Amino acid sequence: MEWFVSFWDLEMQRTSVRAGEASDRADAMAQVIAAGRDLACRDDGSVVNKSAHIRIGTELAVVTGFDSPRLDDENLRCRIEAAIAAKQQHARTMEQRVSVELPPTAGAHTPQLDPEAGE
């Protein structure tokens, strides 16, 4: 299972990324947490960015907390799971909205207005 974690560093104007492959989701999660903690802070201890973009398999999320020494790995895993679930719920909600907003004849030919006819 592929994974990545990335942080945008505003000060350096660059993105720091770590990526890898794991044997399963639990291993990928552990690797994301370790890499995220490593990338979240500079060598001097200053925070690169509070938010990280992560992907585990096909699941994407934006997560905070990698920079916090008060959050243990289990709490950070719970944050990641919650962020993934929230993103998936948002995607389902948006999909439902789009299907409600589309007319029943979506994709049907819509006649073009004739500009010379004053329409």
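The structure this text deals with has already been given above.
The shown structure was predicted, so the numbers you read here are calculated from the model rather than taken from an experiment.

Here's the deal with the sheet that holds strand β3 (residues 51-56)
Next, step 1: Strand order across the open sheet formed by four strands is β2-β1-β3-β4, with antiparallel pairing between neighbours. Strand pairing shows two members of the sheet lacking a second neighbour, β2 (14-21) and β4 (59-64), which therefore form its edges. For this sheet, the mean angle separating the axes of adjacent strands, direction not counted, is 15°.
Next, step 2: Sheet topology note: the strand β1 (residues 2-9)/β2 ladder contains eight bridges and is antiparallel. Counted as the bridge partner of S6 is V17 from β2.
Next, step 3: Across the sheet, helix α1 (residues 25-40) lies against β1, β2, β3 and β4, angled at about 20° from β1, the strand it touches most.

Structural notes on unusual backbone geometry
Next, step 1: With a phi close to 55°, Q13 is a non-glycine residue in the positive phi region.
Next, step 2: Inspection of the secondary structure assignment puts Q13 in the loop between β1 and β2.

Points about the packing of aromatic side chains
Any aromatic ring pair is given by two values, namely how distant the centres are and how the planes are angled relative to each other.
Next, step 1: Scanning all chains against the criterion turns up one aromatic pair.
Next, step 2: Each ring, one from F7 and one from F66, has its centre 5.9 Å from the other, and the planes form 80°; the classification is edge-to-face. A residue pair is termed long-range when its members are at least 10 positions apart, and F7 in strand β1 and F66 in the loop between β4 and α2 (73-101) qualify at 59 residues.
Next, step 3: On the basis of relative accessibility, which here comes to 3%, the residue F66 falls in the buried class.

Calculation rules
Residues numbered from 1 in each chain as written. Predicted model: local features only at pLDDT ≥ 70, side-chain atom pairs only at ≥ 80, totals over all residues. Heavy atoms only, no water. Pairing = 2+ DSSP bridges. Helix = DSSP H or I, 4+ residues; strand = E, 2+ residues; numbered from the N terminus. Axes fitted to C-alpha atoms, helices over the stretch in contact; angles between N-to-C directions. Contact = heavy atoms within 4.5 Å. Phe/Tyr/Trp six-rings, centres within 6.5 Å; stacked < 30°, edge-to-face > 60°. Buried < 20%, exposed > 50% of the residue type's maximum accessible area, 1.4 Å probe, protein only.

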